[in-house]
Structures are given as C-alpha cells and as structure tokens.
Amino acid sequence: MTAVHAETPQDMATPQAPRKPGMRRRSFLGSAAASGSLVVGFHVPLPACAQGQGAAPEINAWVVVQPDERVIVRIARSEMGQGTLTGLAQMVAEELECDWARVTTEYPTPGQNLARNRVWGNFSTGGSRGIRESQDYVRKGGAAARMMLVQAAAQGWGVPAAECRASAGVITHPGSNRRITYGQVAAAAAKLPVPTEVPLKDPKDWKLVGKRLARLDTVEKTNGSLVYGADLNMPGLLNAAIKDCPVFGGKVRSFNAAAVAGRPGVKKVVKVGDTAVAVVADTWWRAKTALDALPIDWDLGPNAGVQQAQITATLKAGLDAKQAVVGNAKGDAKAVISKAARKVEAVYAYPFQNHATIEPMNATARWTPERCEVWTPTQNGEAALAATAAAAGLPPAKCDVIKLPLGGGFGRRGAVHDWVTQAVLIARELPGTPVKLLWSREEDMQHGRYHPITQCKLTAGLDDKGEITGLHMRISGQSILAGVFPQMVREGRDPVVFQGLNEGGGEAMIGYSFPSLLIDHAMRNPHVPPGFWRGVNLNQNAIYLECFIDEIAHDTKQDPLALRRKLMANHPKHLAVLNAAAERAGWGRPAPDVGGQKVFRGLAQTHGFGSYVAACAEVSVSREGALKIHRIVAATDCGVAVNPQQIEAQVEGSFAYGLSAALYGSCTVRDGRIEQTNFHQYPVMRLAQMPKVETIIMPSGGFFGGVGEPTIAVAAPAVLNAVFAATGVRIRRLPLAGQSLKRA
C-alpha cells in the first residue's frame, strides 16, 4: 500500500465554487505535515487499461483525519438519495474506529482522478454497485488509517502497538492508563509507512455496520441548504434554455434569431450541434419564453412518420422470427415442447418509460480556450468529464467536473451526458462566462434515454400430469447496449437483455429449474434511444416469468406458492426470501377484508444486482374495476445489510417507483416523437395510493448485494398476480391505466 501526498491542482481554488457539504472545493491534497492532517491511500484493483507502464499499485478513496478530530471520507460514488454516501462512510468509520459524530464526506473530482492515474478508480454509480463494489477497499482504507494512528501513538509512548486500543477516535494504552486522540497524532501518523497487510474485522465484531445510523445528508436536505444543480449560482452567471429537434434523428434547418434578440435579458441565440437551438439570457424564464417565441424550422428527418403501432408490429414479428440469440438454454426445449401433451402460451409487452427525475437535466459550464469547468449532477463523473472534454475541444487534463447532489438519477444521469455536451457547446459561445443550462420538463420528457420497449412470448410444455417439461421465453425488442455501448454487443448478443434469467454468475440468476429451457432474444431497435432505467431489464423479465408461472399454476390447478417451491428446490436463497414474504403476509390464509372489499394476494420473486428479493402484494378491486393496493410484504437478502434503515427506505422507494411505472408509466410515439410532455400525461403514484410496505431484511452473509434496484422488479408482477386472483383478469401489457379490471 502506498501513501500519496501531492500539490493541490490550481483549479480547486476557484473562488466561486460552492461550499455545501458533499461538494467542497477547498484545497484537497496539501502537505500532510504542513496541515497536521493524516491522509491515507489504499489499494484497489483496477483494470489493466487504467494502469500506466510501471505504475505503482492503484489507490482509490481517501481518509483524512484532521487536528480538530473531524474525519473526512472522500468518496468517488454519487449520492442521489440512495444513501451510498452514508453507507460507504459507515464502513470506513467501522474499521477506522473513529467517532461517527465527527464523520463528514467529500467528493474528489474526476479531473483530479485523471491527473493521479485514476487513484480513486471508478466514479460510476449505477447497477446498485455503489457500496458492493467499493466496500472492500473502503474498509481497508479505514483499517489502514487506524493501524497508522495506533502505531504513531505507540511510538510516542514507547510501547508496542499491540498493547494499544482504538475506539471512538481515542487511542489508549491500558497498561499505563495513557490516552490520546486521533487528531493529536495525525501529523505523526502521516509520516509512517502505510501497512501492506491490512486485516479487516470479523463481521461479528462490527459496531457500526449493520446499525440503523442516520444519514449524513439529511439535515442539509431538510433545511434547504443543500445546493442542487438547478439551484447553483455564481457571479456573472447566465441562464440557457434549449430545444432539440422533436423527432430523434432530425436536425435544425434554420431559425430567426432576430425575432427574439430584442427581448428583455436575452444575450444570445445559439445553434447547439446540428439538432438544437438555445437562448441565453440573464434569467432562465426570460431564456425559456424567448425560446418559445423563436421561429425554428426543423428538418424532421427520416423518422417523422414513425407511429407507435409500427413499433409494436415490428416487435410482434420478432416473437416468431427464425433468428434469435440465445441467453440461457438447457436441453432441446423446442423439441420437448413440440411433443408435450399440451401447452400454455402467453404474450406480454412492456413499454418505453421515462426516468422522470424530479430535477430536469442541467449543467453549468465555464469555457475558455485554456480550460473548461462543469458543475452538474451526475451518476458518473468520469463520463461527464469525457463529454466535457469532447465538447470543449480540449484535452481532459484541461477540464474538470464538479459533482453536485442529484435530484434523481435512476440511470438517466449515468452512461449518457447529452446535457453536459450541450452546456459546454453553449458556453463556448460566451468565453469566460458561466452559463447554466436547465432543461424544461417538456424537453426532459421528450428527449430522454428510455426504458427499452420489449415483448415476450412464453410457451410451456406440460405432460399428462400437468408437470412442466420445457419452457421457451422469446424476447423481442430493444437492446440498451446497442444504443449506448454498441462495442459491448458481441455476435448480436446483448447480455443485459437476460437480467434475472441467467443460469449462474451471481449477478442476476433465474430462480427456477426446468427439465428443458430456452431463453432467446430477437433484437429489434426502434429509433427511440434506450437507456439504463432503474432496475433495467430485470423489471420486465420478472413480470414475464413471474406472471407466466402464475398462469401455469392456474392452468394446472396448483397453488402459486406450491408450484414455485417445487421449481425452486435447487435455489435455496431464492426460495428463502419467497417463503419469508409469503409467511409474513399470511399466504394460505384469507386476507382480512378492507372496507367491505375482499383482499387477494399475489407473489413474485427474482434475483438481480447480486440480491435475492421477493414480494407478496395484497389488493382489492371494486365492482367498477377500481384497484387499491393495500399492502406489500417484501423480503431482501443482500448478503450484508450495511444500514437497515437505508435498506428499508430503498425498498419502500423501489415500490413507489416500480408501482408508478406499472400503473401509469408509458411513453408512446406519434409522428416520430414522444407524445408525453409532462406529468399530466406521465403521472406518478400519489401518496394516498401508496400501500403499506413491510420490509424483511434477511442477510445471509458472505456477499454484498445491491439494494436500490432489485425490489422494483417484483412490484409489478406481485400486484398483477394479485389482480388476477381478485378478478380473473390477466394483465399482460403495461401500464395498468386504461385497462379494464372488472371481474371476468
């Protein structure tokens, strides 16, 4: 392990930078000896492409102990409401044995990371990986810092380090009754070599990990002092509003800037790339209203005539196409099914969906011929830096991105940074002037990176006893990787398509064993750009499989739980969470009536992002077909539960997001463009609609799974299966809105 001490980059002294918690811009890496602070670096495995020739072992994440006893944990991952910031700090503090009340956090910038050969490693926060892919080296960083602090105290006292103890930021020597604080020995500890062997605590000895600690960012969020990108202000700031071509694939033909040049506050009208026009003004509202009045002539391009029905038909044709790429197979399922005594078959469909973050896309950029800086909420600082450099026409070393708290991410602010590109291109037209680009809600709704649209045809072969002999799942539809990272599609196969349906791998495994199985994908990519949407393809795959399992249970007159248990005999962790949810909900016993309405239950389970999850939903449906979701019991095995309170909040939030999508979430295409423009056409659940959520946290240990996304996937199928139990109506197309739920 290696300690790194280096001079602070000049850009970190920018006087206008915000100083709110979690995004400080003061000096980062000054001399430890001069400041009296301890700065500890520690190893993290990085891919070979991130290593230079003869580079020292890679270092990621920093721990700083200051003379006033504050502990600053530097974290590369982004905080967007999911609690990663607190969870990572919690694990550092666990090994550091510091006083949790004195812990704060701080982001390094991707520019600094680049300048230091990516010592902080991966800045990406997606796929529920914020904690599970950082936990090892973050804990080792805390442990290494503790060892050095103890060693410094021991040397000062002239005693063996093994005789000393550390707790709550205080080091003691029981034999002599001496004590000293971390802050008092920080400068001395900083001069010591970093230990090469860093043992971690046995989980049974954890004091902080596994505890319901309050989040570190709650106070600033509740008192309004936390600065989001939409709030950011600085001297000389101008504001920009933008319109991109309403049809994907179109471009700007012309516009009449003179028509709005004389409006109050308007500074400039700017063409942004080939496809967009922006107005820059002293306030955003003046920019937006001028933009609304600006005459723009669009070349709508080749997709202007595309209608939703055409996309639907294209996907439907893929269900029976001869060519498809295999994701999971066992035996010859097609042959087995063809010889089956009888078959069960169903076709399901899942729509385009928008991320609909409460904070629209935004970025503030300041460009000069020598340097470009961007302030933006992002899930991936390094991707934002790459977009900044490309748009700025400058090498990445002359650019930087200051990460701001996110008003919602859900995947939209991760892989694609189109708004950052736009902000920089606009700022290039006003050198030296900071310009804040804020998308309108309409722009955000109609220019997203949408949840992929798919259909799925499921066919099961049954023998004369009603036992499943084979299952074929044919998925037809969009590939996210083809639209975002096409280089990752090999021989026509997008592995992300098969989330939750894989045979093994530990990331997203199917929880059933079938005598024969075929899961394949016919790729059909419409012109609407796809993106990673919270839960990704696990969402629709869980609906397809879990609802179809229920269909088979009904067809063969089996209890849905009993059938699942039979198919899950070789999948004990999947089965454990399913059993826990079912038993807590009272499966097998009638649910109590609510307001004179009969209540019915539905089940679903899946494995995704390294965690095992299951849900049991309780619903009622009135005679008129009005749905009420009363209660959902959810069980989660994420291996290690770092902070149970945060897990509960994430599960509850997952159901709010997942049920909103199931009830209302659908984006449709008319004349090549997205029809929905705002929340009146793309609603979300109201508070009164939210069911009671009971969360069962049952960590089995031995692994770290994700929490932010997997539970979303069981929200819809559990409710859909309960709706069928209540009405006999099988919903195979989302969203539920607009479909009749009157009893069949």
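Higher on the page you've got the structure.
Presented here is a report on the structure given in the accompanying data block. Quantities reported herein were computed from a predicted structural model and do not represent experimental measurements.

### Side note on the pairing of strand β19 (residues 454–462)
With nine of nine residues buried, β19 is to be regarded as a mostly interior element. Inspection of the sheet shows strand β14 (residues 342–350) paired to β19 by nine bridges, in the antiparallel sense. Paired with Tyr 350 across the strands is Thr 454, a residue of β19. Pairing of β19 with strand β20 (residues 468–477), which is carried by nine bridges, proceeds in the antiparallel orientation. Looking at the pairing, Gln 455 lines up with Ser 476 of β20. What sits between β19 and β20 in their antiparallel hairpin is a turn of five residues, with Gly 466 showing a positive phi close to 85 degrees.

### A closer look at the sheet that holds strand β17 (residues 399–404)
Taking strand neighbours across the sheet as the criterion, the seven strands line up as β10-β11-β8-β18-β15-β16-β17 in an open arrangement whose pairing is mixed. Strand pairing shows two members of the sheet lacking a second neighbour, β10 (266–272) and β17, which therefore form its edges. Each neighbouring strand pair of the sheet contributes to a mean axis angle of 20 degrees, computed without reference to strand direction. Across four bridges, strand β15 (residues 362–367) lies against strand β16 (residues 372–377) in antiparallel orientation. Each bridged residue has a counterpart across the sheet, and for Ala 365 the counterpart in β16 is Val 374. Set on the sheet, helix α8 (residues 284–293) makes contact with β8 (238–244), β10, β11 (276–281) and β18 (435–438); between it and β8 the angle comes to about 30 degrees.

### Quick look at the pattern of salt bridges
Considering all chains together, one arrives at 42 salt bridges under this definition. Note that Glu 106 is salt-bridged to Arg 74, the shortest N-O span being 3.0 Å. On the criterion of sequence distance, the pair formed by Glu 106 in strand β4 (residues 103–106) and Arg 74 in strand β3 (residues 71–74) is long-range, its members being 32 residues apart. On the accessibility criterion, Glu 106 (1% relative accessible area) is buried. Of the residues examined, Arg 74 reaches a relative accessible area of 3% and is grouped as buried. Among the ionic pairs, Glu 97 bridges to Lys 207, the shortest N-O distance being 3.3 Å. With Glu 97 in the loop between α2 (84–96) and β4 and Lys 207 in the loop between α5 (182–190) and α6 (218–223), this pair connects stretches of sequence that are 110 residues apart. Residue Glu 97 is classed as buried on the basis of its relative accessible area, which comes to 10%.

### Side note on the sheet that holds strand β5 (residues 165–167)
Pairing between sheet strands relies on hydrogen bonds along the backbone, with the strands arranged either parallel or antiparallel. With antiparallel pairing, the three strands of this open sheet are ordered in space as β5-β6-β7. The sheet terminates laterally at β5 and β7 (178–181), the two strands that pair on one side only. Taken over all neighbouring pairs, the strand axes of this sheet differ in orientation by 25 degrees on average, direction set aside. Bridging between β5 and strand β6 (residues 170–173) involves three bridges; their strand directions are antiparallel. Paired with Ala 166 across the bridge in β6 is Ile 171. Running over the sheet, helix α4 (residues 135–157) touches β5, β6 and β7 and is turned about 45 degrees from β6. Against the sheet, α5 contacts β5, β6 and β7, and its axis sits at roughly 75 degrees relative to β7.

### Side note on helix α11 (residues 381–392)
The end-to-end C-alpha distance of α11, which contains twelve residues, comes to 16 Å, matching closely the 16 Å that a straight helix rising 1.5 Å per residue would cover. Residues of α11 that are buried: Gly 381, Ala 384, Leu 385, Ala 387, Thr 388, Ala 389, Ala 391 and Ala 392. Looking at the buried positions of α11, the neighbouring elements they touch are α3 (110–115), β15, β16, β17 and α12 (418–427). Measuring from the backbone nitrogen of Glu 382 back to the side-chain oxygen at the start of α11 gives 3.1 Å, which picks out Asn 380 as the cap.

### With respect to α8
Among the residues of α8, those classed as buried are Ala 287, Lys 288, Ala 290 and Leu 291. In a view along the axis of α8, the buried residues occupy a sector of 165 degrees, so they form one face of it. Tucked inside the fold, the buried residues of α8 contact β8, α7 (258–261), β10 and β11.

### A closer look at unusual backbone geometry
Note that the residue after Leu 734, namely Pro 735, is joined by a cis bond; omega there is 5 degrees. The backbone of Phe 410 shows a phi angle near 60 degrees, a positive value even though the residue is not glycine. In this structure, Phe 410 sits in the loop between β17 and α12. On the basis of relative accessibility, which here comes to 24%, the residue Phe 410 falls in the partly exposed class. Unusually for a residue other than glycine, Lys 557 sits at a positive phi of about 60 degrees. Inspection of the secondary structure puts Lys 557 in the loop between α15 (538–555) and α16 (560–567).

What counts and what doesn't
- Residues numbered from 1 in each chain as written.
- Predicted model: local features only at pLDDT ≥ 70, side-chain atom pairs only at ≥ 80, totals over all residues.
- Heavy atoms only, no water.
- Buried < 20%, exposed > 50% of the residue type's maximum accessible area, 1.4 Å probe, protein only.
- Helix = DSSP H or I, 4+ residues; strand = E, 2+ residues; numbered from the N terminus.
- Pairing = 2+ DSSP bridges.
- Axes fitted to C-alpha atoms, helices over the stretch in contact; angles between N-to-C directions.
- Contact = heavy atoms within 4.5 Å.
- Salt bridge = Lys/Arg side-chain N within 4 Å of Asp/Glu carboxyl O.
- Expected span 1.5 Å × (residues − 1).
- Polar contact = N/O pair within 3.5 Å; in protein donor to acceptor, adjacent residues only side chain to side chain.
- Arc of directions from axis to C-beta.

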